[in-house]
Structure formats: structure tokens, C-alpha cells
Amino acid sequence: MDRQSFFEGLKDTLELEEKVSEETQIHLTSLSTLAIIAYVDENFEKRVKVADLKNVGTVSDLMDLIGRDKFS
Amino acid sequence: MHITSIEYYLPENILDNSQLAREFPEWDADKIFEKIGIDQRHIAKEDETALDMAVKASEKVFSNFDRSMIDFVLLCTQSPDYFLPTSACILQDKLGLRINIGALDYNLGCSGFVYGLAVARGLISAGVAKNILLVMSETYSKFIHPKDKSNRSIFGDGAAAVIISESDKKGILEFELGTDGSGMNNLIVPNGGLRNKFNPDEKDFIDENEYLRNNNCLYMNGPEIFDFTIEQVPGLVTRVLGKNNLTIETVDYVIFHQANKYMLDYLRKKVKIPAEKFYQNMEKTGNTVSATIPIALKDSIDNGVVKSGDKILLAGFGVGYSWGAVVVEI
């Protein structure tokens, strides 16, 4: 997936007001965790574990978790 | 054998989203509805137990079935009146059923109806019983912390009573079942059993998902449960269809455990089930745990969505972890 589409998808998924970049902070609640699991599963056919998401503070951390090779 | 009758009972008291929004001002009623698809739930009164609700649902089912024909009672509940005696034994007495019959409780949640059908099919196939009363009755509301807005939004109380009878009809087809107890801590009432006794001095705390709770109350790790369903449900559906020589195209209708709208929307898309053959209606009842599938089945039949001769895939999944699916023909 190209990075821009990923950022836009993530903005919709997390219902964020601001434009998303790698530096954007991710505030993990029960619902946002669920939404990220669904978004990653749907778009990358990869399941991210809830425990791994606990270490995610920014969009960049999430991209590391998904795997940088998945982005163009 | 086949399912001959289904009835359900919901407690009178209703908790709607506007009431939740008043109790939790930061909680937006419209947003709750949009996410979880639940507008109201029925909540048992302080002195109304799952056993009382089981009696009411069963009495409804006996309005068109002779109770003296019942020769086995299966009661699925995680909120029994007592550790002992068995609630199903008390139910036999309260319903005035014969005494030369079998009765047992089993403790399962969202997968409970499918497991009840599996046991009923076994009992009838083995010649042990001919007419089984299968009751699912649950009052999770009694386990939920009053300040736990998340679980109070999702769960409702309810009971369903179903009769399964021996017949020439093949109404309960092949099953696929699964169990993984390693997920036990993700949906649990930690205290109150014999491992950790109920502690009246238990302190409230904010959990990792930012919800208030304490260990005497129901805890559900929503993201972990969601992850579990993504992992297990697609394969469960594929395997049960395979065992029944069906496909998503040839099965007439699909009823999943009515967990919440968000989860069901996602699973439906992932499994590629057309919306028109997928039941989704938890708006007025919420997640009634083991009772959701029989309530949905009854409503689908009454609404004419499900017709005689239809093959319906039922799938339940949740606490345990425990999951199961079956195809039934109405």
C-alpha cells in the first residue's frame, strides 16, 4: 500500500481531525485498538497482536509493526 | 430430529442509550448506537434471576407443546441461582415436568446454543431422549460494575427456550466445535468462584482499556476478543459449510452470535457473506450471550426471512474461548 493511502485510511479509521503523518500520535483506547486491528487485517492481511499494539505511540511505530516492506 | 418450537423472554426493565448518556455525560448516545448497533437492553430486576427468566421463557414454549412429553432438560447459564443444587433440577420442579427425566446445567456463554444443539442431537441419536427442553438464560447485568459504561452498553439480559424433538426430519445437521482455554482471562468474572472468593473490600481501578472495574465484576478485553473472532470465525464458517456440503452461495441464511454491530459487520465482510442473508438485529436486546442466536432465529422465522426448508448456518463464539457452528433446517 502506498503511504499516502495508508495515512488517509488511518485518518478515517481513527476518526482523526488532523492530517496524518508518521509523527502523528496514536492514542490507544479499546475502540481505536479494535479499529486498528480491523484496518490492518483488511488491508495487509496481517494480524497485529493487541500486546504488540501497546508499544505503539505513533503512526511510525505502527508502520514498523506492520512491516516497512508493505509500504511503497 | 428438528427444532419444533422457540420462544424467548426479555425482562421488563429497559436501559436505553439516552439513559446511559445521562449517566455518562462523556458518552454520546448516537455514537454508541453507530458503533455497537444497540439502542436498548432489557435488564433483570434485582430479585429476578436467570432461573426465573428460564421459567418464563419455558412457560411460553409450553403454550403450544405438551410439557409431559419433555424427557430431558438442558440449561445453559453462567449466572446460576446457587453453586448447588443444579438450576435445571429446580427448573424441572418449577415447570411441573415429569420426574423420570434427565436434567443438567452447562456453563457456556456465547457458544452455548450451538453446544446445546450438539448435546441434544447426541441424546436423541443415542435413544436417551425424545423431546428436549433446551434453555439459555443469562443475566450478565448482575456481574457488571455500575460504572462500566462499555459492558453496560453491550450486554442485555434474556432467556430463550427451545424444544428439540425426535423426528424423521434431518433438522440439525453437522457441527464444527472449538475450544481454547488460553483465552480465559480476556472475558472473565475473576472473583466469586472458589479460585478467588468474592471480596466485599475489592478496590475499583481503571483497566488498560481505560474502563473502571473491579475483580468482583465482569471483565472483557474487547480488542483481544475481537482478535480471537478474526482468528477463528472465518475458518469455523468454512469448515462447517464443508462438512454440510454447502457454500456461502448455497446456504440460505446465516445467524452469528449477536455480539455487537462493529464485530459482525467486520466478520460478515471478511467471510464474504451477502448482507441480505446475514441476520443482524441487536438494536432492542443487546448482546444476551447464549440467548442471542435462538432469539435471532425466532425473529427470523416470525418475520418470514427464514422459511420452512431453509438451511441456516448458526455460529456462536466467545467466553472460554469457546466456539461452534452448525447448519439447521427449519
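Higher on the page you've got the structure.
Heads up: these notes are all about the structure in this document. Per-chain numbering applies: the sequence of each chain, read as written, is numbered from 1 onward. Chain letters start at A and ligand numbers start at 1, both assigned in the order the entries are written. For this predicted model, a pLDDT threshold of at least 70 governs which residues receive local features, and a threshold of 80 or more governs which side-chain atom pairs are given and counted, while totals over whole chains, interfaces and linings are taken from all residues. As a convention, hydrogens and water are excluded, and side-chain values are obtained from all of the structure's heavy atoms.

1. Focus: the packing of helix 2 (residues 30-44) of chain A against helix 8 (residues 261-271) of chain B
Phase 1: Where helix 2 of chain A contacts helix 8 of chain B, the two axes come as close as 12 Å, and the packing angle between them is 5°. It follows that helix 2 of chain A is roughly parallel to helix 8 of chain B by the angle criterion. Here helix 2 of chain A contributes Leu34(A), Ala35(A), Ala38(A), Asp41(A) and Glu42(A) to the contact with helix 8 of chain B, which in turn contributes Tyr262(B), Tyr266(B), Lys269(B) and Lys270(B).
Phase 2: Note that Gly is not counted as nonpolar here; it falls among the polar residues with everything else outside the nonpolar set of Ala, Val, Leu, Ile, Met, Phe, Trp, Tyr, Cys and Pro and the charged set of Asp, Glu, Lys and Arg. Split by residue class, the contact of helix 2 of chain A with helix 8 of chain B holds 5 nonpolar, no polar and 4 charged. Axis geometry follows a simple rule: fit a line to the C-alpha atoms, using only the stretch in contact for helices, then measure angles between N-to-C directions, giving values from 0 to 180 degrees. Helical segments are the DSSP runs of H or I of at least four residues, strand segments are the runs of E of at least two, and each set is numbered from the N terminus. Oblique is the label for every angle not falling under 35 degrees (roughly parallel), over 145 degrees (roughly antiparallel), or within 65 to 115 degrees (roughly perpendicular). Contact between two residues is taken to exist if any of their heavy atoms lie within 4.5 Å; hydrogens are not considered.

2. Some remarks on the sheet that holds strand 1 (residues 2-9) of chain B
The pairing of strands in a sheet comes from backbone hydrogen bonds and takes either a parallel or an antiparallel form.
All names here are of chain B.
Phase 1: Spatial ordering of the open sheet is given by 1-7-6-4-5, a layout of 5 strands whose pairing is mixed. Here the strands that pair on one side only, and so sit at the sheet edges, are strand 1 and strand 5 (102-106). The sheet shows a mean angle of 15° between the axes of neighbouring strands, direction not considered.
Phase 2: Two strands pair if DSSP finds at least two bridges between them. When strand 6 (residues 131-138) meets strand 7 (residues 158-165), the two strands line up antiparallel, connected through 8 bridges. Considered in strand 7, the bridge of methionine 136 is made with alanine 160.
Phase 3: This element, helix 5 (residues 112-125), spans strand 1, strand 4 (72-76), strand 5, strand 6 and strand 7 of the sheet and lies at about 165° to strand 6.
Phase 4: Across the face of the sheet, helix 9 (residues 292-302) comes into contact with strand 1, strand 6 and strand 7 while running at roughly 105° to strand 1.

3. A short note on a nonpolar patch on the surface
All names here are of chain B.
Phase 1: Patch membership requires over 30% relative accessible area and the absence of a salt bridge. Like charges are linked within 9 Å, and nonpolar side chains (Val, Leu, Ile, Met, Phe, Trp, Tyr) within 5 Å. Note on areas: Shrake-Rupley with a 1.4 Å probe; residue coverage comes only from the protein chains shown. Think of a salt bridge as a Lys or Arg side-chain nitrogen and an Asp or Glu carboxyl oxygen that are within 4 Å of each other. A surface patch of nonpolar side chains, about 440 Å² in accessible area, is lined by Phe83, Leu84 and Leu194.
Phase 2: Position of leucine 194 among the secondary structure elements: in the loop between strand 9 (187-188) and strand 10 (205-206).
Phase 3: Exposure is judged per residue with a 1.4 Å probe applied to protein chains only, and the accessible area is read against the type maximum: over 50% gives exposed, under 20% gives buried, and values in between give partly exposed. The exposed category is assigned to leucine 194, whose relative accessible area is 69%.

4. Side note on unusual backbone geometry
Residue and element names in this part refer to chain B.
Phase 1: Between leucine 84 and the following residue, proline 85, the backbone shows a cis peptide bond with an omega angle of 10°.
Phase 2: Relative to the assigned elements, proline 85 resides in the loop between strand 4 and helix 4 (87-94).
Phase 3: Between glycine 320 and tyrosine 321 the backbone carries a cis peptide bond, its omega angle lying at -5°.
Phase 4: For tyrosine 321, the location among the structural elements is in the loop between strand 14 (311-318) and strand 15 (322-329).
Phase 5: With a phi close to 50°, asparagine 245 is a non-glycine residue in the positive phi region.
Phase 6: Secondary-structure assignment places asparagine 245 in the loop between helix 7 (222-243) and strand 13 (253-256).
Phase 7: Classification of asparagine 245 by relative accessible area gives exposed; the value is 71%.
Phase 8: Although it is not a glycine, lysine 272 adopts a positive phi angle of roughly 60°.
Phase 9: Here lysine 272 lies in the loop between helix 8 and helix 9.
Phase 10: With relative accessibility at 65%, the residue lysine 272 sits in the exposed group.

5. Notes on the nonpolar core
Phase 1: Grouping buried Ala, Val, Leu, Ile, Met, Phe, Trp, Tyr and Cys residues that are joined through side-chain atoms within 4.5 Å yields what is termed a nonpolar core. Residues Phe6(A), Leu62(A), Phe256(B), Leu313(B) and Phe317(B) are the most contacted members of the largest nonpolar core, which totals 73 residues.
Phase 2: These domain limits were set by an automatic method or by a database of domain assignments. Residue contributions to this core reach at least three from each of two domains, namely domain 1 (2-169) and domain 2 (174-329) of chain B.
Phase 3: Ile6(B), Phe72(B), Val162(B) and Leu297(B) belong to the second largest nonpolar core, which has 40 residues in total.

6. A look at the environment of Ser72(A)
Residues and elements named next belong to chain A.
Phase 1: Its place among the elements puts serine 72 in the segment after helix 4 (59-66).
Phase 2: C-alpha of serine 72 to C-alpha of glutamine 4: the two residues are 68 residues apart in sequence and 9.2 Å apart in space.
Phase 3: In this view, serine 72 contacts Met1, Asp2 and Arg3; residues no more than four positions away in its chain are not counted.

7. Some remarks on the interface of chain A and chain B
Phase 1: At the interface, 19 residues of chain A touch 18 residues of chain B.
Phase 2: Buried area is understood as the total, over both parts, of accessible area removed when two parts are fitted together, assessed with a 1.4 Å probe. Together, the buried faces of chain A and chain B total about 1,600 Å²; carbon and sulfur atoms form 52% of this surface.
Phase 3: A per-residue breakdown of the area chain A buries against chain B is headed by Ser30(A), Leu34(A) and Arg47(A), which together make up 32% of the total.
Phase 4: Residues Lys269(B) and Glu42(A) are paired through a salt bridge, measuring 3.7 Å at the closest nitrogen-oxygen approach.
Phase 5: Counted as a polar contact is a pair of N or O atoms within 3.5 Å, where, for protein atoms, one must be capable of donating a hydrogen and the other of accepting one, and residues adjacent in sequence contribute only when both atoms are in side chains. For the pair chain A and chain B, the number of links is 9 residue pairs in polar contact (both at pLDDT 80 or more).
Phase 6: Those elements giving two or more residues to the side of chain A that touches chain B turn out to be helix 2 and helix 3 (50-53) of chain A.
Phase 7: Considering each element in turn, the side of chain A that touches chain B owes the most residues, 9 residues, to helix 2 of chain A.
Phase 8: Across the side of chain A that touches chain B, the residue classes break down as 9 nonpolar, 4 polar and 6 charged.

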